[in-house]
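So the chains spell out like this:
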Amino acid sequence: MMEIYCSDSAATEALGQLLGSLAADGDVYCLTGGLGAGKTLLSRGIAAGLGADVAEVNSPTFAIMNVYGGRLEMRHFDLYRIKDADELYNTGFGEYCGGDGITVVEWGELFIDELPEEYLHITIEIAGAGRKVIFNPHGARYEKLCKEVEEHAGTGN
């Protein structure tokens, strides 16, 4: 587990941009945090790091999934309004999650058993004027990714 403190929205988006720049085909990021914690802000940064048009990035709460272009395709899910695993299945989540490109899942903790065995769980918490971002890697790929993030971003900043 690794923690990074982001002092403001710009730092949170910059952390996302770093994650996007380090992303590899098949990556899955599960974003957890309360309403307004910064999940979509981090997602916007990830999209920017992939070279996507960030003006298009918004919370897919009603659409369930948005797709953005860039160096890798980014599938951005928001599972907040999904009621059960059957409804999730009907969205095509299983077909997209972990496939070509990267998958970013807001509220993924609601369906943790539906995520692939290996993924990066990112928890975002409001901390003073900023955010505490906690990385919990599941699998060797994500342990390596966390080390790369730590090398580039440092911790406790």
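Residues numbered from 1 in each chain as written. Predicted model: local features only at pLDDT ≥ 70, side-chain atom pairs only at ≥ 80, totals over all residues. Heavy atoms only, no water.

Concerning the side chain of Glu 106
Stated precisely, the cut-off is as follows: Helical segments are the DSSP runs of H or I of at least four residues, strand segments are the runs of E of at least two, and each set is numbered from the N terminus. With a 1.4 Å probe rolled over the protein chains alone, any residue whose accessible area is under 20% of its type maximum counts as buried; one over 50% counts as exposed, and the rest are partly exposed. Counted as positive: Lys and Arg. Counted as negative: Asp and Glu, with His and the chain ends omitted from the count. Any Lys or Arg side-chain nitrogen located within 4 Å of an Asp or Glu carboxyl oxygen qualifies as a salt bridge. N or O atoms within 3.5 Å of each other form a polar contact, as long as, within protein, one can give a hydrogen and the other can take it, and as long as residues adjacent in sequence are counted only when both atoms are side-chain atoms.
Relative to the elements of secondary structure, Glu 106 occurs in strand 5 (residues 102-106). Buried Glu 106, no salt bridge; nearest opposite-charge side chain is Lys 39, N-O distance 5.0 Å. At a separation of 2.6 Å, a polar atom in the side chain of Glu 106 contacts the side chain of His 76.

Considerations on the pattern of salt bridges
Enumeration according to the criterion identifies four salt bridges in this entry. As a salt-bridge pair, Arg 141 and Asp 27 come within 2.7 Å of each other at their nearest N and O atoms. Residue Arg 141 is found in helix 5 (residues 140-153), and its partner Asp 27 is found in the loop between helix 1 (9-22) and strand 2 (28-32); the two are separated by 114 residues along the sequence. Residue Arg 141 is classed as partly exposed on the basis of its relative accessible area of 22%. The residue Lys 132 makes a salt bridge to Glu 125 at a minimum N-O spacing of 3.4 Å. Judged by its relative accessible area of 26%, Lys 132 is partly exposed. On the accessibility criterion, Glu 125 (32% relative accessible area) is partly exposed.

Some thoughts on helix 2 (residues 39-50)
Because each turn of an α-helix spans 3.6 residues, side chains separated by three or four positions in sequence point in the same direction. Threshold: Between the first and last residue of a helix there are one fewer steps than residues, each counted as 1.5 Å, and that sum is the expected span.
Between its first and last C-alpha, helix 2 extends 17 Å over twelve residues, near the 16 Å set by a 1.5 Å rise per residue. When helix 2 is considered as a whole, its buried residues turn out to be Lys 39, Thr 40, Leu 41, Leu 42, Ser 43, Gly 45, Ile 46, Ala 47, Gly 49 and Leu 50. Downstream of helix 2 by a residue or two, Gly 51 has a phi angle that is positive, lying close to 90°.

A closer look at the state of the cysteines
Note the threshold: Note on disulfides: each one is a pair of cysteine sulfur atoms within 2.5 Å.
A full pass over the atoms with the stated rule returns zero disulfides. Not part of a disulfide, Cys 30 finds its nearest cysteine sulfur in Cys 97, a span of 9.1 Å.

A look at the packing of aromatic side chains
We count it as follows: Aromatic pairing here means that ring centres of Phe, Tyr or Trp (its six-membered ring) are within 6.5 Å. Orientation follows from the plane angle: under 30 degrees is stacked, over 60 is edge-to-face, and everything else is tilted.
Across all of its chains, the model carries three aromatic pairs by this definition. Note on Phe 77 and Phe 93: the rings are 4.8 Å apart at their centroids and 80° apart in plane angle, and the pair reads as edge-to-face. Of the two residues, Phe 77 is situated in strand 4 (residues 74-78) and Phe 93 in helix 4 (residues 93-96); the sequence distance between them amounts to 16 residues. Here Phe 93 falls in the buried class, since its relative accessible area comes to 2%.

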